[in-house]
Amino acid sequence: MNAPESPRSFGRNEPDYPNPLPRPEGEFEALQKAWKAPSGLSFITAVNNTYVGLWYIGTAFLFFILAGILALIMRAQLALPESNLVGHDLYNQLFTMHGTVMMFLFAVPAVEAASVYLLPNMQAARDLPFPRLSAYAFWAYFVGGLVFFGTIFFGLAPNGGWFMYPPLTGSKYSPAENADWWLLGIGFIEISAIAGAIEIIVGVMKTRAVGMSLDKLPIYSWAMLVFAVMIVIGFPAVILATLLLEMERAFGWPFFIAERGGDPLLWQHLFWFFGHPEVYIIFLPATGMVSMIVPTMAQTPLVGYRLIVLALVATGFLSFGLWVHHMFATGLPKMSLSFFSAASTAVAVPSGIQVFAWIATIASGRMKLTTPSLFIIGFLFIFTLGGLTGVMVAMAPFDWQAHDSYFVVAHLHYVLIGGMVFPLFAAFYYWMPVASKYPLSERLGRWVFGLMFLGVNVTFLPMHITGLIGMPRRVYTYPVGMGWDTLNVVSTIGAFMIAAGVAIFIYDLARKFRFASDDNAGNVWNASTLEWLPNGNYNTRSIPEVVSRDPLWDQPNLSKDVEEGRYYLPGTATGGREALVTSPFDARPQYILQVPGPGWQPVLAAVFTAAFFLLLTVKFVLTSVVCGVIAVGCVIWWLWETDPGPVRPPADIGGGIVVPVYVTGPANHSWWAMIVLMVVAGMVFTCLIFSYLFLWLVNPGAWPPQNVRIPEWTWPSLAAFLYCGSAVLIAAASRQLRGEDRRSPISVPILIGVALLFLCGGSAIDLWAQWGTDLSPSAHAYGAAVYAIMSLQIFFVLTTLIMGAYTIARWLARRLDSVRRTTFDNTMLFWYYTVGQGLVALIVVHCFPRLTGGI
Amino acid sequence: MSGRRTGQVLLMVAGLIAWAVQFTIIYAVTSTLCGRGWADAAFLGFEIVPMTIVSATLVTFSATLLAAVWSFRNHRRKGEQPVSGADSFMNHVATLINGLSLVIILWHGISAFILPACA
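Here is what the cut-offs are and how they apply
- Residues numbered from 1 in each chain as written.
- Chains lettered and ligands numbered in written order.
- Predicted model: local features only at pLDDT ≥ 70, side-chain atom pairs only at ≥ 80, totals over all residues.
- Heavy atoms only, no water.
- Helix = DSSP H or I, 4+ residues; strand = E, 2+ residues; numbered from the N terminus.
- Areas by Shrake-Rupley, 256 points an atom, 1.4 Å probe, with all protein chains shown as cover.
- Lys, Arg positive; Asp, Glu negative; His and termini not counted.
- Charge placed at Lys NZ, Arg CZ, Asp CG, Glu CD.
- Rg over C-alpha atoms; globule rule 2.2 N^0.38 Å.
- Buried < 20%, exposed > 50% of the residue type's maximum accessible area, 1.4 Å probe, protein only.
- Contact = heavy atoms within 4.5 Å.
- Salt bridge = Lys/Arg side-chain N within 4 Å of Asp/Glu carboxyl O.
- Axes fitted to C-alpha atoms, helices over the stretch in contact; angles between N-to-C directions.
- Parallel < 35°, antiparallel > 145°, perpendicular 65-115°, else oblique.
- Nonpolar A, V, L, I, M, F, W, Y, C, P; charged D, E, K, R; others polar.
- Expected span 1.5 Å × (residues − 1).
- Core = buried A, V, L, I, M, F, W, Y, C linked by side-chain atoms within 4.5 Å.
- Polar contact = N/O pair within 3.5 Å; in protein donor to acceptor, adjacent residues only side chain to side chain.
- Pairing = 2+ DSSP bridges.
- Phe/Tyr/Trp six-rings, centres within 6.5 Å; stacked < 30°, edge-to-face > 60°.
- Domains from an automatic or database assignment.
- pLDDT = per-residue confidence, 0-100.
- UniProt positions renumbered as here; feature names shortened; annotations may be inferred.
- Disulfide = S-S within 2.5 Å.

**Quick look at the overall build of chain B**
1) Next: Each helix and strand counted, chain B has four helices and two strands in total.
2) Next: If you list the helices and strands of chain B from N to C, you get α-α-β-β-α-α.
3) Next: Considering only C-alpha atoms, chain B reaches an extent of 60 × 25 × 20 Å along its principal axes.
4) Next: Total accessible area on chain B is roughly 6,000 Å²; 71% of this is exposed by carbon and sulfur atoms.
5) Next: Side-chain charges in chain B split into 7 positive and 4 negative, and the spacing between the mean points of these groups amounts to 16 Å.

What follows is the structure, given as structure tokens:
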């Protein structure tokens, strides 16, 4: 066990607990009331992480089943040569939807969903810091995902493969709306994933048990932190890619059309800059789960905690240097390929470190062969095999032989099923007693594991050979006599074995799962971490102080003491929902976060956001715009109730620690969220600038094309002046809002209003100047790239316009002053970002072509 | 987050940032020169592509070595003065990450000695 540090080291000297017993009458009832979920139809407005997390997990599992059924249809088609069960067009939709749904609607949401449920419990936080954002992310995903999946029943499902390569998916070769469903549907669902990632980053860094410093953070939290940062860095690339391809399809802006200066390889770069990290985005949370389950099953602390943190962080970085290994067959210079080949092999090192740490943990304890243990062993076996074939395809010469063959299909399924599905099933069995009154059946669990483990190997092991003897992926049938017949029959049998295992799991789930908010099955595994504390809708009665990484093992009475309310914040200081915000490194109490409760706003905002994107797909533009406006209105309605200000004086949370109930500036949780959002925005912009430079690279002598003028210096200079001026005005408004005396001078809205005029003016002048040169966005990739950069900037300016107007509205409603200024701070941060982005955009668009002189 | 804490985080991932810088430079230069048909471009008699790879590798390796030594010394110093668990942890993980990064940076630089620039 880890040597516990001295407890209670946060300024208190008393040797006893932070709060004495007995607790005041009514304290617990008030806590229960504050966290009670709504009933009746309003139940869907619940935002508690336990409810939203379970809905999220259930929906992700539903998509797993649906995509699995698509896979079974494909396997049935391929079981025999020259089969006519499924035609080629439907088959194209089947494999596209199978891959898309598994990757975008099951894998990422499933691990994000699990964290919505688990993270607050594991960190003994009352909830995630932005519960309404979680609810919004879930409902957007739920509505959007179901509608997206429904397209297959109308022959409208995307059919260009899950990575949607142009020119196949361009309007010339895919004129129907199938591709649009993918581009708008998936792009929109990625936004939901990013919302979840922001929630997770702030949740891990700011809402933890007291004393849960970084060295005592559960490995799962570390894994989710790296996961979320990877989403923030990686997902903007695919969002931008989908935007560019949709703009090409809708307006003819030729980003990927070679005849007009575009390049289809640009799509591959953008897609795989997201797509390869995506594998690790799925894998790392699964390893986090494994690192939690293995010590419990072995009843010993995790071996190599620090090495595992090293492995998680290193994997997070290195995974962004692998994307071209999906493009080895595109004719890039061998030197360039070698960089990616090197990164592809290097990333095996941190993965190997984790595998050895788990094996060492198993070896140092006494592993109980429970169902979660079996799935972990299955994971180690299958994932390691997938990792080995991964090293094989990381070698460019081998990849050229195996590319687009069933070998790759086998490899990716070994990695993804081994690396994610098996750990997820282990997690289902392991954490079921937290969420349900009864654990799942161990006897049936062994059947589930056996069928799935054998099924996976029977299905995919032969595919290595099928691929090596020449069967290409994505063919809907094949002729007799190619030597593929028997192998395909075996693979099909294996697929149905997996389905049988999953079917037994569902049967067991229906039999045993009964949602429990305060009467769960308890700590049946004798686990050591905080999610196994007695809990309710409020998660833990009091916020514990932890002294090691295995608090339930090292602090034997912790469960009882927490439940009795001996630790911090055993009631509610403000009468509403609260979370204790702690410092990011040492987890010292900082302030009480007033958490928003249930409401229709996030549900309606999500439904109308989904409607906006989905109606746009079928070209109902006006209706779509109306839905978009309503969605923005719902978000404003939602935000209006937040930023409550200091509703009461600082509160004593126990042990003599008094913390404020409201803070502003960098300590505030929404400041952190805004910084993360700016990183997301910065990544979208960076990817766009990369696209601009890439298109320059493939257009020697045509940047700009002949007869295209660049606007005179005067205009971009004036635009830059206005941008800078608006930033200065906002800084002045910020200075006006300083002080402890709750000042709210009228100069603040005036300064914001003038700054808005400056900002919009800068953007308008730049657009007008380009327009005046008769530059067309559809004639050549140069024009398309320039207008894309300007469009993004206009989008940010319009968003800032809404935020600025909203801030003025709060001032008018007396909801903004020098103390209650979080809304202003958020607007200010976003404003500075928009100005910075605008200045860089001006430099790139106006200076780069002049500097390169058209070469 | 205080300046000291920000510095600790940066030191912890310094080696990986250095690798990212090395990777970006060598890939960008190789792609640009090869894409534009300037494979034989030379500077002071050296071909630019291999020279860039070697230079970027040397610079980022040196920076990472510095970070590794610094974090190792911070880690070793823990016995001399009391440090919090988080500090000790950060220093140790920083040493490990920077040590691994040294290997990765060298691994990426090897290609300059094996492959032709734009074949």
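**A closer look at the overall build of chain A**
1) Next: What chain A contains, in helices and strands, is 24 helices and four strands.
2) Next: Against the 2.2 N^0.38 benchmark of 29 Å for 855 residues, chain A shows a C-alpha radius of gyration of 28 Å, consistent with a compact globule.
3) Next: Across its three principal axes, chain A shows a C-alpha extent of roughly 80 × 75 × 50 Å.
4) Next: When each of the 855 residues of chain A is scored for burial, the buried share is 64%.
5) Next: Expressed as a percentage of contacts within chain A between residues at least 6 apart in sequence, the contacts between residues at least 24 apart total 81%.
6) Next: For chain A, the exposed area adds up to about 29,300 Å²; of that, 69% sits on carbon and sulfur atoms.
7) Next: Taking the average place of the 45 positive charges on the side chains of chain A and the average place of its 46 negative ones, the gap between the two points comes to 3 Å.

**Describing the pattern of salt bridges**
1) Next: Tallied over the entire structure, the rule returns 19 salt bridges over all chains.
2) Next: Residue D825(A) is joined to R821(A) by a salt bridge in which the shortest nitrogen-to-oxygen separation is 2.7 Å. The two residues D825(A) and R821(A) agree in class, both being buried.
3) Next: A single salt-bridge network, built from bridges that share partners, covers D586(A), R588(A), R4(B), R5(B) and D87(B).

**A short note on the packing of helix α1 (residues 3-12) of chain B against helix α4 (residues 85-109) of chain B**
Residue and element names in this part refer to chain B.
1) Next: At their nearest, the axes of α1 and α4 sit 8 Å apart, and the two run at 30° to each other. Here α1 lies roughly parallel to α4, going by the angle between them. Here α1 contributes R4, R5, Q8, V9, L11 and M12 to the contact with α4, which in turn contributes D87, M90, N91, V93, A94, I97 and N98.
2) Next: For the contact of α1 with α4, the per-class residue count stands at seven nonpolar, three polar and three charged.

**Brief notes about helix α6 (residues 219-251) of chain A**
All names here are of chain A.
1) Next: With 33 residues, α6 should cover 48 Å at 1.5 Å per step; its first-to-last C-alpha distance of 47 Å lies within 8% of that length.
2) Next: With 28 of its 33 residues buried, α6 lies for the most part within the structure.
3) Next: In the segment just after α6, G252 is the residue with positive phi, at about 80°.

**A look at the nonpolar core**
All names here are of chain A.
1) Next: Counting 296 residues, the largest nonpolar core has F106, W222, F422, F425 and W431 as the members making the most contacts within it.
2) Next: In contact with F425, other than residues within four places in its own chain, are F61, F64, F375, M452, V502 and F505.
3) Next: Core analysis: the next-biggest nonpolar cluster, separate from the first, contains eleven residues, L569, A651, I653 and V661 among them.

**Here we look at the interface of chain A and chain B**
1) Next: Between chain A and chain B, the residue contacts involve 39 residues of the former and 42 residues of the latter.
2) Next: Applying the counting criterion to the chain A and chain B interface returns one salt bridge.
3) Next: Residues R5(B) and D586(A) are paired through a salt bridge, measuring 2.7 Å at the closest nitrogen-oxygen approach.
4) Next: For the pair chain A and chain B, the interface holds nine residue pairs in polar contact (both at pLDDT 80 or more).

**Describing the side chain of N98(B)**
Residue and element names in this part refer to chain B.
1) Next: For N98, the location among the structural elements is in helix α4.
2) Next: What makes N98 buried here is its relative accessible area of 0%.
3) Next: Separated by 2.8 Å, the side chain of N98 and the backbone nitrogen of G15 make a polar contact.
4) Next: In this view, N98 contacts L11, M12, A14, G15, T64, A67, A68 and S71; residues no more than four positions away in its chain are not counted.

**What to know about the pairing of strand β1 (residues 578-582) of chain A**
Residue and element names in this part refer to chain A.
1) Next: Of all five residues in β1, five are buried, a share of seventy percent or more.
2) Next: Judged by which residues are buried, β1 turns out to be covered on both faces: E578, L580 and T582 on one side and A579 and V581 on the other are all buried.
3) Next: The pairing of β1 with strand β2 (residues 589-594) spans five bridges and is antiparallel. For A579, the partnering residue across the bridge sits in β2 and is L593.

**Observations concerning the packing of aromatic side chains**
Residues and elements named next belong to chain A.
1) Next: The tally for this structure, following the rule as stated, stands at 84 aromatic pairs over all chains.
2) Next: Measuring from centroid to centroid gives 4.7 Å for F64 and F106, while their planes differ by 35°, and the two rings are tilted. Pair noted here: F64 is in helix α2 (residues 49-78) and F106 is in helix α3 (residues 88-122), with a separation of 42 residues, a long-range link.
3) Next: Overall, F106 belongs to the buried group, its relative accessible area being 4%.
4) Next: With a centroid separation of 5.3 Å and 65° between ring planes, the pair formed by W358 and F379 is classed as edge-to-face. Placement of the pair is W358 in helix α10 (residues 348-364) and F379 in helix α11 (residues 371-393), with a sequence separation of 21 residues.

**Points about the domain arrangement of chain A**
Residues and elements named next belong to chain A.
1) Next: Once the domains are mapped, chain A shows domain 1 (45-512), domain 2 (597-630) and domain 3 (669-852).
2) Next: Using only C-alpha atoms to locate each centre, domain 1 and domain 3 end up separated by 36 Å.
3) Next: Counting from both sides, the interface comprises 29 residues of domain 1 and, opposite them, 28 residues of domain 3.
4) Next: For the interface between domain 1 and domain 3, the tally reads zero salt bridges.
5) Next: Ranked by the residues each element gives to the side of domain 1 that touches domain 3, the list is headed by α6, at eight residues.
6) Next: Among the residues making up the side of domain 1 that touches domain 3, the classes are represented as 22 nonpolar, four polar and three charged.

**Re the confidence of the model for chain A**
1) Next: Averaged over every residue, the pLDDT of chain A is 94; residues scoring 70 or more account for 98%.
2) Next: Segment residues 1-15 of chain A: pLDDT under 50, and 38 contacts once partners within four positions in sequence are set aside and those in other chains are kept.

**Details of the UniProt feature "transmembrane region" (unreviewed entry) in chain B**
Residues and elements named next belong to chain B.
1) Next: With numbering aligned to this structure, UniProt lists the feature "transmembrane region" (unreviewed entry) at residues 9-28, 48-72 and 93-115.
2) Next: Annotation note: span residues 9-28, helix share 95%, strand share 0%, distance between end C-alpha atoms 27 Å.
3) Next: Regarding residues 48-72, the helix share stands at 100% and the strand share at 0%, and the terminal C-alpha atoms are separated by 35 Å.

**Quick notes on the side chain of Q594(A)**
Residues and elements named next belong to chain A.
1) Next: Structurally, Q594 is set in strand β2.
2) Next: Here G645 takes part through its backbone oxygen, which lies 3.2 Å from a polar atom of the side chain of Q594.
3) Next: Of the polar contacts made by the side chain of Q594, one reaches the backbone oxygen of V661; its length is 3.0 Å.
4) Next: Other than its neighbours up to four places away in sequence, Q594 contacts T574, R577, P644, G645, V647 and V661.

**Comments concerning the state of the cysteines**
1) Next: All told, the structure shown has one disulfide over all chains when counted by the stated rule.
2) Next: Residue C34(B) pairs covalently with C118(B) via a disulfide, S to S 1.9 Å. One quick way to see it: the torsion about the S-S bond of C34(B) and C118(B) is about -80°, and its sign makes the bridge left-handed. Taken as a pair, C34(B) in helix α2 (residues 14-35) and C118(B) in the segment after α4 lie far apart in primary sequence, 84 residues in all.
3) Next: Classification of C34(B) as buried rests on a relative accessible area of 15%.
4) Next: Of the residues examined, C118(B) reaches a relative accessible area of 26% and is grouped as partly exposed.
5) Next: Cysteine C627(A) remains unbridged, with the sulfur of C634(A) as its closest cysteine sulfur at 10 Å.

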